[in-house]
Amino acid sequence: MNESSWIQWAVPDSASHILHAIAQFLVAIRRRWQVMLGAFLAVALLGALYYATAPRIYSSKAELLILQTGDNALSPTIEAQGSRENSLIPTFVNLITSAKVLEGAIQKLSRDDLAVDLNMDKPETWVEGLRRNLSASAVYRTNIMTVEYRSKDPGVAARVVSAVVQSYLDFMRNTTQGTTAEIIRILTTEKDDIAARLSEKEQALQQLSQQIGALDVGVNSQTVHPLVERAKAFNEALVEVQKERVQLAASLEALENAVRQGADIRQYLFAANDIIGQQILLGVLGFSREETAARLEVERKVVEDRVELARLLQEFGNNHPRVQAVQQRIAANEAFLLAYQDRLRARLDNLNIPELSQMLLGTLRQRVNELWQKEMSLQAQYELARQEAANLAGGLAQLEMLKNDITGLRELYGGLVRRITNLDLAGDLRASVITEPRENHSPVSPNFPRVLIMVILGGLTLGMFVVYVMDVLDDRFRSVEEIQWQLRAPVLSIIREMPPREGNGVEVLEVVADPNSAISESFRTLRTALALSDQPGDTIVITSTQPGDGKSTISANLAITYAHVGKRTLLIDGDLRRPGLTQLLGLRGEPGISEVLRDTAPIAEAVQARLKTNIVPDLDVLPCGRRPGNPAELLAGPRTAELLNWAVEHYDQVIIDSPPAPLASDTAIWGRLADGIILVLQPDKNKRRAVIRATEYLAFLKIPLLGIVINRLSNEKEKDYSGYSGDYYGQADESHEETEIAEIAESIAAPDRIVPRRVA
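Remember, predicted model here, so these are calculated numbers, not experimental data.

### Quick word on the overall build of the protein chain
Helix and strand content of the protein chain: 29 helices and 12 strands. Within the span of the protein chain, comprising 760 residues, buried residues form 45% of the whole. Taking the intrachain contacts of the protein chain between residues at least 6 apart in sequence as the baseline, contacts between residues at least 24 apart amount to 81%. Total accessible area computed for the protein chain in this model is approximately 38200 Å², and 54% of it derives from carbon and sulfur atoms.

Spelled out as structure tokens, the structure:
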């Protein structure tokens, strides 16, 4: 076998290797189907036992929708899950299983409901017990959350889900309304104080009017004196500053309370926007008044363009130039607003909570101080102007001042009332139930289809694992395919177990004693496989992995089959340690190869003196001779190569019987000088690992392995090797033998036959 072919056998492509491995494993499964069946039945029994004894678990679900209300630029945005990296939906999902929500749910449930799934003797474990059976998830790319609870009772499962959802809604409502409610409380207190001051001013106005006997004491009466007008102007400015200061002071107090309580300052930021003024918040975030004005102007233009687009679509189609122009303006303005929102959100995300808190507190305090100083200044100017007016006009000036005070207080009171009325107690977030929990009397565990699938998968997995382990531990070859796949060499022939014959000599050989038997046909099959091979096979070494594998019997019978077709054949007993071939042919004690290698005469003379000719027609035998004490050193000499060169020149076929390959280096010496090696294998005897080591040993020495001969195939193993044992031929007849001889002789005589390799 040439080197390229040997590499093809030794190193198959990865796809072929994988397919062979799968095929071999499937064969092992078919061979051990009882193991697969047993594993499947065992897993099926466990599955049935589990399904019969497992407690029934029931499930109930509810769905919630999270929405955002309002169009404020600073309102928190609830993006659909998966559409934004900073989506708040995962936060709301995690809140479902938070301790705060679960504690609220426990308060809404009865002890009978809690006793179904929880340990009533350990209240501290109730929250964790609910959390184990509760799950919440968000529907992908939506603002919908699913809440599910599993319980031993379907009614309890539905009631627990209802309680958890209600507790969650309460928690969300309290969270979003907490800051607004605090601001409303502060503004209400301020409103009541202004109402009291307004009542005092009105009573003072009535009393002063009676004292001076004024006929026109209406609040809206006009004063014409410049000093009175000046005092009135100061009073109006003072009122505006007081209104702004009161609002900022209320926001500052609410913010300080939120910081002390550890509340989320961003929730306060958004909830307090309508009170403290959007300009201040935008200033904190780095937005100028001009940017805010530009945004408002763009929003106005978007609304106007949408109205214009709706009107144009009624008159023209979508492809009309005017329609497309309006659509382009709308798209450009919406892109500007989206970029504005992204910038705002990015600046919010870049601020951490402590930094944001301190920034807001500092800004509000500074603004309140500025307004307070401005108020004090205006108050002083106002008092001075009023004193001048009082000195000038006396009671009339005082009367006018009271009117101005009352007007300012009424405006301040009305502004606070409107502010309180416009505050949205529900906040910016809306959480509503869209699917109510219902009782489901079909258990979700154990689930019969799921248990069935697990039984099937588990049975197959366990069975294949056991088969794999057994196949690994079984150190025998089971089939021809397995031998060829693992040894990377073809099986040339399969020899059945031969009947024992008494005596020795060629008469006891199967091809001589019974030439028409199926066993003899197997030897002719081996001869034919070698003759028709595309690899050189004129000099063949026959070896095995262990003594007693029948290599000598194979060598002798194969040599006789070559002689039967007229090929001059030389059979050499190259086993100088245990010469089984010499003993088989009855040549024990005869001089042979050991004397030839020690002789100093020319190799031709030395061989002719020891050669046993015409054992059968066209077959000569060179026995072992006397066993030397150093067979490896003797074979390693130059006369071994000379011997094989002489044999190739004088014979058509040379067959060498060598020792077992792993046990002696003699086989390596013969193999390097010959065309290739045939390995004799007994599946019932030889260990798989030992045979693989032998082939790896030959591959390491780069000795071509022509193929495998399976010997002594027992009747019990015959079914595993069906198709290879020669049953097709039965009792070979003479005409078939003559035809085969003629075909092989013709192939030998062909002008393009392969020239035998000469030994160096």
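### Remarks on helix H17 (residues 448-473)
The end-to-end C-alpha separation of H17 is 37 Å, in line with the 38 Å expected for 26 residues at 1.5 Å each. Among the residues making up H17, those that are buried are Val451, Val455, Gly459, Gly463, Val467 and Asp471. Where H17 begins, the side chain of Asn447 points an oxygen toward the backbone nitrogen of Arg450, at a separation of 3.0 Å.

### Considerations on the packing of helix H24 (residues 603-610) against helix H26 (residues 638-650)
Where H24 contacts H26, the axes come no closer than 10 Å and their chain directions differ by 75 degrees. Classified by the angle their axes make, H24 and H26 are roughly perpendicular. On H26, the residues touching Ile603, Ala604, Ala606, Val607 and Gln608 of H24 are Arg639, Glu642, Leu643 and Trp646. In terms of residue class, the contact of H24 with H26 is made up of 6 nonpolar, 1 polar and 2 charged.

### Details of the side chain of Gln242
Inspection of the secondary structure assignment puts Gln242 in helix H9 (residues 226-261). For Gln242, a relative accessible area of 13% puts it in the buried group. Looking at Gln242, its side chain comes within polar contact range of the side chain of Glu375, at 3.2 Å.

### Quick word on the nonpolar core
If you look at the biggest cluster of nonpolar residues, it comprises 44 residues, and the most contacted ones within it are Leu570 and Ile708. Counting residues per element, this core draws most heavily on H26, which supplies 5 residues. In contact with Leu570, other than residues within four places in its own chain, are Leu611, Asp620, Val621, Leu622, Trp646, Ala647, Tyr651, Gln653, Val654 and Ile655.

### Topic: helix H21 (residues 551-564)
End to end, H21 covers 20 Å across 14 residues, agreeing with the expected 20 Å (1.5 Å per residue, within 8%). Of all the 14 residues making up H21, 12 are buried; the element is thus mostly covered by neighbouring parts of the structure. Inspection of H21 places Lys551, Ser552, Ile554, Ser555, Ala556, Asn557, Leu558, Ala559, Ile560, Thr561, Tyr562 and Ala563 among the buried residues, and these make up the whole buried set. Remark: Gly566 follows H21 within two positions and exhibits a positive phi of approximately 85 degrees.

### Points about the sheet that holds strand E12 (residues 705-713)
Picture the strands of a sheet paired through backbone hydrogen bonds; they go either parallel or antiparallel. The strand order across the open sheet built from 8 strands is E5-E12-E11-E6-E10-E7-E9-E8, with neighbouring strands paired in mixed fashion. Only two strands of the sheet have a single partner each, and these edge strands are strand E5 (491-496) and strand E8 (612-616). For this sheet the average axis-to-axis angle between neighbouring strands, irrespective of direction, equals 25 degrees. Bridging between strand E6 (residues 539-544) and strand E10 (residues 653-657) involves 4 bridges; their strand directions are parallel. Looking at E10, one finds that Val541 is bridged to Ile656. H26 contacts E6, strand E7 (569-573), strand E9 (619-622) and E10 of the sheet and is inclined by roughly 145 degrees relative to E10.

### Details of the confidence of the model for the protein chain
Mean pLDDT over the protein chain works out to 79, with 78% of the residues at or above the 70 mark. Mean pLDDT values over the elements of the protein chain span from 40, in helix H1 (residues 3-10), up to 95, in E10. Contacts of residues 270-277 to residues separated by more than four positions or lying in other chains number 25 contacts, the stretch itself having pLDDT below 50. Counted against residues more than four places away or in other chains, residues 747-760, with its pLDDT under 50, gives 27 contacts.

### Considerations on a nonpolar patch on the surface
Taken together, the side chains of Trp33, Leu37, Phe40, Leu41, Phe448, Leu452, Ile456, Leu460 and Met464 define a hydrophobic patch exposed on the protein surface, amounting to about 830 Å² of accessible area. Here the element with the most residues in the nonpolar patch is H17; it accounts for 5 residues. In this fold, Phe448 is placed in helix H17.

### Quick look at the packing of aromatic side chains
We describe a pair of aromatic rings using the distance from one ring centre to the other and the angle between the two ring planes. All told, the structure shown has 2 aromatic pairs when counted by the stated rule. Consider the rings of Tyr51 and Phe448, whose centres lie 5.6 Å apart with planes at 70 degrees: the pair is edge-to-face. Here the residue Tyr51 occupies a position in helix H3 (residues 33-53), and Phe448 occupies one in helix H17, the gap between them amounting to 397 residues. In this structure Tyr51 comes out as partly exposed when scored by relative accessible area, which is 28%. When the ring of Trp646 is compared with that of Tyr651, the centres are 6.0 Å apart and the planes differ by 70 degrees; the resulting orientation is edge-to-face. If you follow Arg56 out to its NZ or CZ, it ends over the ring of Tyr51, 4.9 Å from the centre.

### Thoughts on the packing of helix H5 (residues 99-108) against helix H7 (residues 126-133)
Helices that pack against each other are described as a pair by the angle of their axes relative to one another and the distance between those axes. Where H5 contacts H7, the axes come no closer than 10 Å and their chain directions differ by 100 degrees. Considering their axes alone, H5 and H7 lie roughly perpendicular with respect to each other. Along its contact with H5, which presents Ala99, Leu102, Glu103 and Ile106, the element H7 presents Trp126, Val127, Leu130 and Arg131. Of the residues in the contact of H5 with H7, the class split is 6 nonpolar, no polar and 2 charged.

### What to know about the side chain of Ser658
Its location among the elements puts Ser658 in the loop between E10 and helix H27 (666-673). Classification of Ser658 as buried rests on a relative accessible area of 0%. In this view, Ser658 contacts Val541, Ile542, Thr543, Lys551, Gly574, Asp575, Thr667 and Trp670; residues no more than four positions away in its chain are not counted.

### Description of the pattern of salt bridges
Summed over the entire model, instances satisfying the criterion amount to 26 salt bridges. A salt bridge links Arg524 to Glu521; the shortest N-O distance between them is 3.1 Å. Of this pair, Arg524 and Glu521 both sit in helix H20 (residues 518-531), 3 residues apart, which is roughly one turn of that helix. Summarising the burial analysis for this pair, Arg524 and Glu521 share the class buried. In this structure, Asp666 engages Arg577 in a salt bridge whose closest nitrogen and oxygen atoms are separated by 3.0 Å. Taken as a pair, Asp666 in helix H27 and Arg577 in the loop between E7 and helix H22 (580-584) lie far apart in primary sequence, 89 residues in all. For Arg577, a relative accessible area of 36% puts it in the partly exposed group. Where salt bridges share partners, they join Glu244, Arg367 and Glu370 into one cluster.

Scoring rules and cut-offs
Residues numbered from 1 in each chain as written. Predicted model: local features only at pLDDT ≥ 70, side-chain atom pairs only at ≥ 80, totals over all residues. Heavy atoms only, no water. Helix = DSSP H or I, 4+ residues; strand = E, 2+ residues; numbered from the N terminus. Buried < 20%, exposed > 50% of the residue type's maximum accessible area, 1.4 Å probe, protein only. Contact = heavy atoms within 4.5 Å. Areas by Shrake-Rupley, 256 points an atom, 1.4 Å probe, with all protein chains shown as cover. Expected span 1.5 Å × (residues − 1). Polar contact = N/O pair within 3.5 Å; in protein donor to acceptor, adjacent residues only side chain to side chain. Axes fitted to C-alpha atoms, helices over the stretch in contact; angles between N-to-C directions. Parallel < 35°, antiparallel > 145°, perpendicular 65-115°, else oblique. Nonpolar A, V, L, I, M, F, W, Y, C, P; charged D, E, K, R; others polar. Core = buried A, V, L, I, M, F, W, Y, C linked by side-chain atoms within 4.5 Å. Pairing = 2+ DSSP bridges. pLDDT = per-residue confidence, 0-100. Patch = residues over 30% accessible without salt bridge, like charges linked within 9 Å, V, L, I, M, F, W, Y side chains within 5 Å. Salt bridge = Lys/Arg side-chain N within 4 Å of Asp/Glu carboxyl O. Phe/Tyr/Trp six-rings, centres within 6.5 Å; stacked < 30°, edge-to-face > 60°. Lys NZ or Arg CZ within 6 Å of the ring centre and 35° of its normal.

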